[in-house]
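Chain by chain, the residues:
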Amino acid sequence: MAVTIEELYRNYGILADAKPEDLSQHKYAYQVILDGVKGGPKEKRLAAQFIPKFFSSFPELADAAINAQLDLCEDEDVSIRRQAIKELPRFAAGENIVRVADILTQLLQTDDSAEFSQVNTALVSIFKMDAKATLRGLFSQILQGEDIVRERAIKFLSIKLKTLPEDTMTKEVEDYVFTETKKVLEDVTGEEFVLLMRILMALKGLQTVNGRQQLVELVVEQAFLEQALNPADPDTVDRLLQCTRQALPLFSKNVHSSRFVTYFCDHVLPNLSTLTSPVAELDIQQEVLKLLAEMSPFCGDMEKVEANLIMLFEKLLEFMPLPPEAEGENGENTMSDEPKLQFSYVECLLFSFHQLGKKLPDFLIDKINAERLKDFKIRLQYFARGLQVYIRQLRVALQGKTGDALKTDENKIKVVALKITNNINVLIKDLFHNPPSYKSTVTLSWRPVQKAEAVAQKRPSGEEMGTGSTMKKQLSPPLPRRNARQIYNPPSGKYSATIGNFTNELRGGFRGGRGRGFGGRSRGRIY
């Protein structure tokens, strides 16, 4: 016979009126309350409140009490589930914390938003009781639970850990997070990898140089830098892109990017034209060149600096054409003869070459024969001529425009194009010095110019207008956006018709999720 509302209240009164030292004598009354979970909706709601209130007084019934509450957490009535979940932290004492954390982690799979919020609140509350025990429950499900539970538990940690106070996130707790996260990283999807790295980057103990170096080592393991790149496999290419993106904010003058830069020069640049993009809309060549450019200032000492410079030099020659031999009337090139100048690619390659060139400043003089150097300078000169024409056209197009007028898609593209062309112009001027110079500094066109840098810059002159100083390090560089922009048609005339190929640098990034990912897990790859 089911327990009634009256019986629940009567037995609750017995327990409530008993002295604390006498409570254990009323085991039968507590058992009646436990049986309330077999009643109707009203009895269940009362049981959800009464069971945790006297839980600690009946250790011999602890398992039965937790199981009864868990039954209520899985009830068909959402209001009963919410009430039961709200009370779950009251069971979190001693050895029960791990079990309660495990249960709450499994409950993250709910699709009810209010219930999901309740689970999050309950998890945070037991974190403050015993963070390490709570993490044991969470990581147990991340390593062994269902896919949906694993996914939401990782997202929970990526959002909530950084909000916990320092007295909760002690060194011991952070060490435990690091150890368990390394286990999870043995088999992850691309999206999971990004979230797990976000968790680790937020740990206070890993903000030191040594800590960042440890994180870089983790990324290196994921990137498989000891293996040759298969350019035809989009998953392999995606893995490299993901890992490089995660490593980028960790690099500094003390934490070097040498292994990544060398890998790009050894395996990526030689296969640049055959790389298979993991996303149809992504210009994969530009994407990897941008990553290489952003890493290049943090190379440190490199064993293969000469070999890397040779590869960059060869790749630059591919994108810096010789001037056409035949010219039409008035010195105008015909449209079919005029080479296509890839400004966005050249900016990345020149910047990378310029950065590595600082480590071997005599490279162009000692390592490149006179004939090839002459050929290179002819290409630079031709490219520079196109730059001057186009920079003038862009300045005329943007002249007098301020505020909202500069925020239209077309003008945004023109502003970026001016940054690109100015950057290339500054770098080419350095290389035309005799001997070549590597002293100029520019801010890559897609990177924000820091306010402090803008104030500190000297007044720009002539063709230098639009360049910035060396970029400052940011902890989390923003991912490029993938949304396509309106394509800007450059003004007509010599050079112009074919040198406006700069719209794709406004694309990129990895968002969404589908297909296969890292390791052997069949969950979504993040784009």
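In this text, all values refer to a predicted model and were calculated from it rather than measured experimentally.

### Some remarks on the confidence of the model for the protein chain
Chain-level pLDDT for the protein chain is 84 on average; 83% of the residues reach the 70-or-more range. Long-range and interchain partners of residues 520-527, a stretch whose pLDDT sits below 50, account for 46 contacts in this model, where long-range means more than four residues apart.

### So, the packing of helix α14 (residues 258-268) against helix α16 (residues 305-319)
Relative placement of two packed helices is described by the angle separating their axes and the distance separating the axes. The interhelical angle for the contact between α14 and α16, taken along N-to-C directions, is 50°, at an axis separation of 10 Å. When the interaxial angle is binned, α14 and α16 end up oblique. Handedness of the crossing formed by α14 with α16: left-handed. Judged by residue contacts, Thr262, Cys265 and Asp266 of α14 engage Asn308, Met311 and Leu312 from α16. The class makeup of the residues in the contact of α14 with α16 is three nonpolar, two polar and one charged.

### Notes on the side chain of Thr244
With respect to the element layout, Thr244 can be found in helix α13 (residues 234-247). Setting aside its immediate chain neighbours within four residues, Thr244 contacts Phe260, Phe264, Leu291 and Met295.

### What about the pattern of salt bridges?
Taken as a whole, this structure holds 24 salt bridges when the rule is applied. Linking Lys44 and Asp75 is a salt bridge whose minimum nitrogen-to-oxygen distance equals 2.7 Å. Of the two residues, Lys44 sits in helix α3 (residues 41-53) while Asp75 sits in the loop between α4 (62-73) and α5 (78-87), which places them 31 residues apart along the sequence. For Lys44, a relative accessible area of 17% translates into the label buried.

### Section: the packing of α5 against helix α7 (residues 113-127)
Interaxial distance between α5 and α7 falls to 9 Å at its minimum, and their mutual angle equals 10°. Taken together, the axis directions place α5 and α7 in an arrangement best described as roughly parallel. Residues Val78, Arg81, Arg82, Ile85 and Lys86 of α5 lie in contact with α7, whose contacting residues are Ala114, Glu115, Gln118, Val119 and Ala122. The class makeup of the residues in the contact of α5 with α7 is five nonpolar, one polar and four charged.

Cut-offs applied
- Residues numbered from 1 in each chain as written.
- Predicted model: local features only at pLDDT ≥ 70, side-chain atom pairs only at ≥ 80, totals over all residues.
- Heavy atoms only, no water.
- pLDDT = per-residue confidence, 0-100.
- Contact = heavy atoms within 4.5 Å.
- Axes fitted to C-alpha atoms, helices over the stretch in contact; angles between N-to-C directions.
- Helix = DSSP H or I, 4+ residues; strand = E, 2+ residues; numbered from the N terminus.
- Parallel < 35°, antiparallel > 145°, perpendicular 65-115°, else oblique.
- Left-handed = near helix turned anticlockwise from the far one by under 90°.
- Nonpolar A, V, L, I, M, F, W, Y, C, P; charged D, E, K, R; others polar.
- Salt bridge = Lys/Arg side-chain N within 4 Å of Asp/Glu carboxyl O.
- Buried < 20%, exposed > 50% of the residue type's maximum accessible area, 1.4 Å probe, protein only.

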